[in-house]
Amino acid sequence: MIETDILIIGAGPTGLFTVFEAGLLKLRCHLIDALPQPGGQCSEIYPKKPIYDIPAYPEILAGDLTHKLLEQGKQFQPGFTLGERAETIEKQDDGSFIVTTNKGTKHKAPVVAIAGGLGSFEPRKPQIDNLAQFEDKGVEYMIKEPELYRDKDVVIAGGGDSALDWSIFLADVAKSVTLIHRRNEFRGALDSVEKVQELKNLGKINLITPAEVKGILGDDHVTGVVVEQKDKEPFILDTDHFIPLFGLAPKLGPIGNWGLEIEKNAIKVDNSLDYQTNIPGIYAIGDVNTYPGKLKLILCGFHEATLMCQSAYKRIFPDKKYVMKYTTVGGVQGFDGTKKEAPKAVVKAIE
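Residues numbered from 1 in each chain as written. Predicted model: local features only at pLDDT ≥ 70, side-chain atom pairs only at ≥ 80, totals over all residues. Heavy atoms only, no water.

- Per an unreviewed UniProt entry, the recorded name for the chain is Ferredoxin--NADP reductase, and the organism is Tenacibaculum platacis.
- One UniProt comment on the chain, placed under Catalytic activity (unreviewed entry), says "2 reduced [2Fe-2S]-[ferredoxin] + NADP(+) + H(+) = 2 oxidized [2Fe-2S]-[ferredoxin] + NADPH".
- The chain has a UniProt comment under Sequence similarities (unreviewed entry) that states "Belongs to the ferredoxin--NADP reductase type 2 family." (UniProt positions renumbered as here; feature names shortened; annotations may be inferred.)

## Some details on the nonpolar core
Here is step 1 of the chain: Residues I6, V99, V112, I114 and W258 are the most contacted members of the largest nonpolar core, which totals 56 residues.
Here is step 2 of the chain: In this structure, I6 is in contact with A22, L27, R28, C29, H30, A109, V111, A113, C309 and A312, ignoring residues within four places of it in sequence.
Here is step 3 of the chain: In this structure, A163, L164, V196 and I243 belong to the second largest nonpolar core, which totals 19 residues. (Core = buried A, V, L, I, M, F, W, Y, C linked by side-chain atoms within 4.5 Å. Buried < 20%, exposed > 50% of the residue type's maximum accessible area, 1.4 Å probe, protein only. Contact = heavy atoms within 4.5 Å.)

## Description of the UniProt feature "binding site: FAD" (unreviewed entry) in the chain
Here is step 1 of the chain: Look at the UniProt record and you will see "binding site: FAD" (unreviewed entry) annotated at T14, D33, Q41, Y46, A86, F121, D287 and T328.
Here is step 2 of the chain: Structurally, D33 can be placed in strand β3 (residues 29–33).
Here is step 3 of the chain: Judged by its relative accessible area of 10%, D33 falls in the buried class.
Here is step 4 of the chain: The contacts of D33, once residues within four sequence positions are left out, are G10, A11, G12, T81, L82, G83 and E84.
Here is step 5 of the chain: A polar contact of 2.8 Å, which involves the side chain of D33, links it to the backbone nitrogen of L35.
Here is step 6 of the chain: Tracing the chain through its elements places A86 in strand β7 (residues 86–91). (Helix = DSSP H or I, 4+ residues; strand = E, 2+ residues; numbered from the N terminus. Polar contact = N/O pair within 3.5 Å; in protein donor to acceptor, adjacent residues only side chain to side chain.)

## Quick look at the pattern of salt bridges
Where side chains of opposite charge bring their charged atoms close, a pairing between them can arise.
Here is step 1 of the chain: Scanning the entire structure with this criterion turns up 10 salt bridges.
Here is step 2 of the chain: A salt bridge links E135 to K125; its shortest N-O distance comes to 3.0 Å. Placement of E135 in the loop between β11 (120–123) and β12 (153–157) and of K125 in the loop between β11 and β12 is noted, with a sequence separation of 10 residues between them.
Here is step 3 of the chain: Classification of E135 as partly exposed rests on a relative accessible area of 25%.
Here is step 4 of the chain: Of the charged contacts, one joins E261 and K268 as a salt bridge, the two residues approaching to 3.5 Å between their closest N and O atoms.
Here is step 5 of the chain: By relative accessible area, K268 is classed as partly exposed at 32%.
Here is step 6 of the chain: One connected set of salt bridges, linked through shared partners, spans E261, E263 and K268. (Salt bridge = Lys/Arg side-chain N within 4 Å of Asp/Glu carboxyl O.)

## Focus: a nonpolar patch on the surface
Here is step 1 of the chain: Taken together, the side chains of L295, L297 and L299 make up a nonpolar region of the molecular surface, amounting to roughly 220 Å² of accessible area.
Here is step 2 of the chain: Residue placement: L299 occurs in helix α6 (residues 298–316). (Patch = residues over 30% accessible without salt bridge, like charges linked within 9 Å, V, L, I, M, F, W, Y side chains within 5 Å. Areas by Shrake-Rupley, 256 points an atom, 1.4 Å probe, with all protein chains shown as cover.)

## Some remarks on the pairing of strand β6 (residues 79–82)
Regular strands show a simple pattern: their side chains alternate between the two faces of the sheet.
Here is step 1 of the chain: Burial along β6 is one-sided: G79 and T81 are buried, while F80 and L82, pointing the other way, are not.
Here is step 2 of the chain: Alignment of β3 against β6, held across four bridges, turns out to be parallel. Within the sheet, the bridge partner assigned to I32 lies in β6 and is T81. (Pairing = 2+ DSSP bridges.)

## Description of the packing of aromatic side chains
Here is step 1 of the chain: Tallied over the entire structure, the rule returns seven aromatic pairs.
Here is step 2 of the chain: The interplanar angle of 80 degrees and the centroid separation of 5.5 Å between the aromatic rings of W166 and F169 together place this pair among those described as edge-to-face. With W166 and F169 both in helix α4 (residues 161–170), this residue pair falls three residues apart, about one helical turn.
Here is step 3 of the chain: Taking 5.5 Å as the distance between ring centres and 50 degrees as the angle between the ring planes, the aromatic pair formed by Y275 and Y291 counts as tilted. (Phe/Tyr/Trp six-rings, centres within 6.5 Å; stacked < 30°, edge-to-face > 60°.)

## Some details on the environment of E194
Here is step 1 of the chain: Along the chain, E194 turns up in helix α5 (residues 190–201).
Here is step 2 of the chain: In this structure E194 comes out as partly exposed when scored by relative accessible area, which is 47%.
Here is step 3 of the chain: C-alpha separation for the pair E194 and D153, spaced 41 residues apart in sequence, amounts to 23 Å.

So, in C-alpha cells, the structure goes:
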C-alpha cells in the first residue's frame with residue numbers, strides 16, 4: 001500500500017506543479033499516470049512543439065516544460081506510479097481514500113486531486129482484424145522498456161513525433177527497425193524527419209511509404225506483418241514486434257464511474273473556493289474540470305493547483321492555522337534537506 005498526503009491522478013503539467021505547491025505546505029504527493037513517463041500530452045504527443053503562454057517564458061518546448069516542472073518539484077521527493085490507470089476508489093471510515101490501479105497497485109491518501117488533463121489516454125488502434133489477439137504478444141502501443149527490443153526486428157507504424165523519435169532511438173537497440181507510414185510526408189519535428197532520413201541513408205532504418213500494415217501473422221507471438229504499399233502487391237515482413245504509434249485519444253475512463261458530477265466529459269467543481277468536486281476530499285484541477293468561465297490553459301491549471309493545495313492542507317490539518325509565507329522571504333525547504341533562499345542583507349553599524 002502506497003500512502004501519501006495528496007494522491008494526484010495525472011502527471012501532466014498541472015499535476016507536476018501541484019507537487020511543488022503541496023511541498024511548500026509540507027505535504028507529500030504521489031502521482032498516478034497511465035502513460036509510461038511524466039508530462040502528459042506535453043511528453044507523449046507534442047514534446048518538441050513550442051508553448052507561448054507560460055509566464056516568464058516567451059517560448060518553451062513542451063518537453064522542456066515537463067523537465068523544468070520535474071526539476072522544480074524534485075526537492076519534494078514525489079512518488080510515481082506510471083504506466084498504470086487509476087481504476088477504482090473507495091472511501092474509508094476515517095475519510096481517506098484508497099485508489100487501486102488496473103494493475104492492482106493500491107494507494108491511500110486523505111486527499112485525491114484529479115489532474116488528468118483531458119482524461120486517461122487510450123491508444124488509437126489501426127483497423128486490423130486480429131490486432132487484439134496479439135496485444136502484449138508482440139503488439140505494443142507504447143514503449144515502456146526499450147530493452148525489450150534489444151536485438152529484435154521491430155516494425156513501427158505512424159508519422160508523428162512518437163513514431164519518428166522511437167525509430168531513431170531503437171535504431172541503436174533493435175536488430176532492425178522498419179518505419180511504415182501511409183504518406184510520404186511526416187507530421188513530426190523537422191530535425192526528427194531529417195534524422196530518420198539520415199539513418200535510412202546509412203541503412204540503420206528501413207522506411208516504407210506510402211504503406212499500411214493490414215494484417216498480423218503468428219501463433220502465440222507476432223512473427224510478421226502484412227504490408228500494403230501503394231501500386232504494389234501486398235507482401236509479408238518478418239518481425240518480432242509491431243508498434244503502431246498513431247497518437248492517443250483522451251477519455252475520462254474509469255474516473256467517470258466514481259460518482260462525480262460530470263458535464264460534457266469533464267468534472268464539475270466549485271470554482272468559487274477550491275476546485276473541490278461533489279465528493280468532499282476529491283478535487284479536480286486542470287483541463288479535466290469544468291466551471292463557469294473555465295479556460296483550458298496550462299497556466300489556469302497552475303492557479304487551480306495552488307488553491308487546491310491550500311484547501312487540502314485545511315482538510316488534513318483542520319486544527320492548524322497556516323500562515324502563508326512568500327518564497328522570496330522564507331525560501332524553499334525541500335524534503336531532501338536542501339534549502340533555497342535569498343541571500344540575507346548584511347547589516348553594518350555606522351561608526
